[in-house]
Amino acid sequence: MFFSPFISKPDSVARIMLKVLLALIPGIALYVWYFGPAILVSITLASLTALGTEALMLRLRDRPVAPFLKDNSALLTAWLLALSIPPLAPWWLVVVGTAFAIAIAKQLYGGLGNNLFNPAMVGYAVLIISFPAQMTHWVAPHGLGQIELGFLDQLEYIFLGVLPNNATLDAVTMATPLDTLKTHLHLGQPVGQILDMPIYGYLAGHGGEMVAWGFLFGGLYLLAARIISWHIPVAYLGSLFVIAGIFHLVDPARYVAPLFHWYSGAAMLGAFFILTDPVSSPTTNKGRLIFAAGAALLTYLIRVFGGFPDGVAFATLLMNISVPLIVLYTQPPVFGKKGKQP
Amino acid sequence: MRKLYHFHGGIHPPSNKTQSTRAAIAHAPLPTKLIVPLHQHAGEAAKPIVQAGDHVLKGQLIGMPDGFVSSAVHAPTSGTITAIDMQLIAHPSGLPNLCATLIPDGKEEWVGLKPVDYRSHSTAELQQLLRMAGVVGLGGAAFPSDIKLRIGKQKITTLILNGAECEPYITCDDMLMRERAAEIVQGAEMLRFMLDATEVLIGVEDNKPEAIAALQQAITANGRVLQQSKRHEVVAIPTIYPGGGAKQLIRVITGLEVPSGKLPTDIGVQCFNVATACTVYRALAHGEPLLSRVITITGNVRQAQNYEVLIGTPLAELVALSGALPDTDRYIMGGPMMGMPLPSVLVPAVKATNCIIAASAKLFPPPPPAMPCIRCTRCVDVCPADLQPQDLYWFAQSREFGRAQVFSLFDCIECGACSYVCPSHIPLVQYYRFAKSEIRAREHDKQLADQARVRHEYHEQRLEREKREKADKLAAREKAAQAAKLASTRPLTTQQQTEQTEQTELEASRAHIREVAQSEVEHPEG
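Residues numbered from 1 in each chain as written. Chains lettered and ligands numbered in written order. Predicted model: local features only at pLDDT ≥ 70, side-chain atom pairs only at ≥ 80, totals over all residues.

## Brief notes about the overall build of chain B
Item 1. What chain B contains, in helices and strands, is 14 helices and 17 strands.
Item 2. Here chain B has a C-alpha radius of gyration of 30 Å; the compact-globule value for 526 residues is 24 Å, and the former is much larger.
Item 3. Projected onto its principal axes, the C-alpha coordinates of chain B cover approximately 110 × 65 × 50 Å.
Item 4. The buried share among the 526 residues of chain B stands at 48%.
Item 5. For chain B, long-range pairs separated by at least 24 residues make up 73% of all intrachain contacts whose partners lie at least 6 apart in sequence. (Helix = DSSP H or I, 4+ residues; strand = E, 2+ residues; numbered from the N terminus. Rg over C-alpha atoms; globule rule 2.2 N^0.38 Å. Buried ≥ 20, exposed ≤ 12 C-beta atoms within 10 Å, placed from the backbone. Contact = placed C-beta atoms within 7 Å.)

Structure representation (structure tokens):
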């Protein structure tokens, strides 16, 4: 068919997704720098699983396989999930999480553009509920673990579950900075004292805070390239800052400073890469502000008062459910329907 | 500097205008055959008043306006009418329409022209003159201009001339403004006079500096002629598509938004295309009906240029002038954003034809296959009507037409900005056109059903009433008989008798009035 408009801007879904993938690279590079190359193994594993699952599901759903494999959206889900789970985890953890994310959370909802929930976060939620133990063994940053594994040792553990002689899993991994903080607060220690522990750096966890800088940098690129609008990251980080700030001002010994929350866990990744997923976030600007502020509140509540080590995934999923309602009530006025009618 | 306003969204497609502005407007040679459609304007088609075999003069009326919204059609040159029949025309439906075929005699013999001094005529007379001169909007919609001048009791403060020409490739208005600025300005003054507007603002996108300068010069030069010259102003507006949309242009220049479902006149503004103003001037000051217009021939051609073209000229002859390149595979009438593909290059140029683009697969590559919508809202960002195109697409696709209407589908101006930016290459505007036509068809069906229902109800009521009347009459007769019996036994006094007669007469006339009223309800006019 041939109809107007006959011209279009040279852009595509694949190119948009590719730019988002590129924007993740600074964060990934810093991840490798501080935590070793294991993360590259899980990213590769997740990517292959995602493409395989996507192809299989498309075939089962009788949809064209090639154009959808080339759209880079499955890769993005894979990368985001891989970045959310411990890199030094058995191979099947990544595979199960990614396969679930693509097959159930994406393809069964109708594939690209139709998923109500962020697939990567669904994958994460499934893993943390089903395999909580494996999900808490985070590899320690350089210089902090009792034993540091070489790349080959890491590969051996990921695929065979074998650690080098005289090493235990506890010796090579540790809890996340967020988790450590929570545990020690439970023991009654004040925030100031806890943050003196070696796993903490300038603002948050040693190493982790630098990775967060990487994601922030990539996120700024997405803003500059107009892949995302400012509404979600600004409202998310802003709200998180305000909420954490209020608690911190009330009792600095019990509630850590707001910047700690920014640079811990998946907050930065969430602000720029996860909550901004266009498919599962609101389409109105006002809706985006509400959505992100709600996610920030939930992130904080789950982190500080909940039982899970981080709150970004569940906050995202809970706000994803609210999207249709938010969008319905935040419709901007149409041209000629603004203000008073003469 | 005048304060300008924004409308939401808009895009900056490559303008591709310079190709066709290098040379001046050329007169297209007299074609061998003219096909003049009788329906070139919005509203009712004109009624043919000539027959095959008739000899006509240039400017002679051949189609009489028929209906309130209609316009006249004239012979573009002198010659012989060889047929009045159905011919293929440039219409999205691709259906043929009634046309007069005219073989020119080459003499260009004019019919007697009657120039008028517009200041010595009433507005109603001028409107009639424009209607009979076949003056319609030349911006693309071809709406009869006289109707737009019938403003009733509304007070028009601002007359806006639309010289924005925001669509890529098209330059006919640009060239017209450069070359005939004086006529445009005088036509604008005539329109202002008829509307009794206080100011005339000519909106031109700032990518046409030559046109802006020419208009400014024309306004200054005509200062003595135009009593109201200080009320004329050229407004350079930012170049952004669709800045030439009437509602968008009004918004940019005045800051006012035409309320949804209303007309510009409701907020004291009326809008005409610059080429229309030029035609109004020719029609009144020279008595010339609308016989030709400027058309841009561009795209995949050797020499893109603007031509003064007689209405009815087969587009094939026009394209030949510019030399379409060998790989040209189709033609577009209008611009690349809102134009329509031509069913054939043999269709004639009409009053609404502003541009012909020769297209090739290289110039306008077919879009890649559509991907699903990822709700990226690039379409929302560019929508000049502040709509949510991705939602409208969803509703149109799932045939939720009610929801589409709630989400203001009918405020969509089909500018195509959403489709232009869609990274999934979804033909969004096509979906909106489909939804709109479905809704219109349903409303039409519903109207017919409603009419039928109302008619049926009246029918039932009438049967009921007739039954009742019969019974009443019977009862009355019985009563009369009884009364007569009674009267024969006890005679009435004279006074009583007169009263009774008056009473009966009164009742009879009341019944008659009721009956007349009832029949009017049953057979409402129209």
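## Section: the interface of chain A and chain B
Item 1. In this assembly, 31 residues from chain A lie in contact with 46 residues from chain B.
Item 2. When its residues are assigned to classes, the side of chain A that touches chain B shows 16 nonpolar, ten polar and five charged. (Nonpolar A, V, L, I, M, F, W, Y, C, P; charged D, E, K, R; others polar.)

## Some words on the sheet that holds strand β9 (residues 158–163) of chain B
All names here are of chain B.
Item 1. Read across the open sheet, the four strands follow the order β11-β10-β9-β12; overall the sheet is parallel. Strand pairing shows two members of the sheet lacking a second neighbour, β11 (232–237) and β12 (269–273), which therefore form its edges. With direction set aside, neighbouring strand axes in the sheet form an average angle of 25°.
Item 2. Of the pairings in the sheet, the one linking strand β10 (residues 199–205) to β11 comprises six bridges and is parallel in character. When the bridges of β11 are listed, leucine 201 appears paired with glutamate 233.
Item 3. Each of β9, β10, β11 and β12 touches helix α4 (residues 181–195); the most contacted strand, β9, lies at about 150° to it.
Item 4. On top of the sheet, helix α6 (residues 246–254) reaches β9, β10, β11 and β12; it is set at about 120° to β9, its chief contact. (Pairing = 2+ DSSP bridges. Axes fitted to C-alpha atoms, helices over the stretch in contact; angles between N-to-C directions.)

## Here we look at the nonpolar core
Item 1. Ranked by internal contacts, the top residues of the largest apolar core, which has 254 residues, are Trp79(A), Tyr236(A), Met268(A), Ile202(B), Leu215(B), Ala277(B) and Ile295(B).
Item 2. Counting residues per element, this core draws most heavily on helix α1 (residues 13–35) of chain A, at eleven residues.
Item 3. In contact with Tyr236(A), other than residues within four places in its own chain, are Gly270(A), Ala271(A), Leu275(A), Ala292(A), Ala295(A) and Ala296(A). (Core = buried A, V, L, I, M, F, W, Y, C linked by C-beta atoms within 7 Å.)

## A few points about the domain arrangement of chain A
Residues and elements named next belong to chain A.
Item 1. As assigned here, chain A comprises domain 1 (13–174) and domain 2 (175–329).
Item 2. Of note, the centres of domain 1 and domain 2, computed from C-alpha atoms alone, are 21 Å apart.
Item 3. At the junction of the two partners, domain 1 supplies 32 residues and domain 2 supplies 33 residues.
Item 4. Looking at the side of domain 1 that touches domain 2, the elements with two or more residues in it are α1, α4 (73–84) and α6 (119–130).
Item 5. Of all the elements, α1 adds the most residues to the side of domain 1 that touches domain 2, at 13 residues. (Domains from an automatic or database assignment.)

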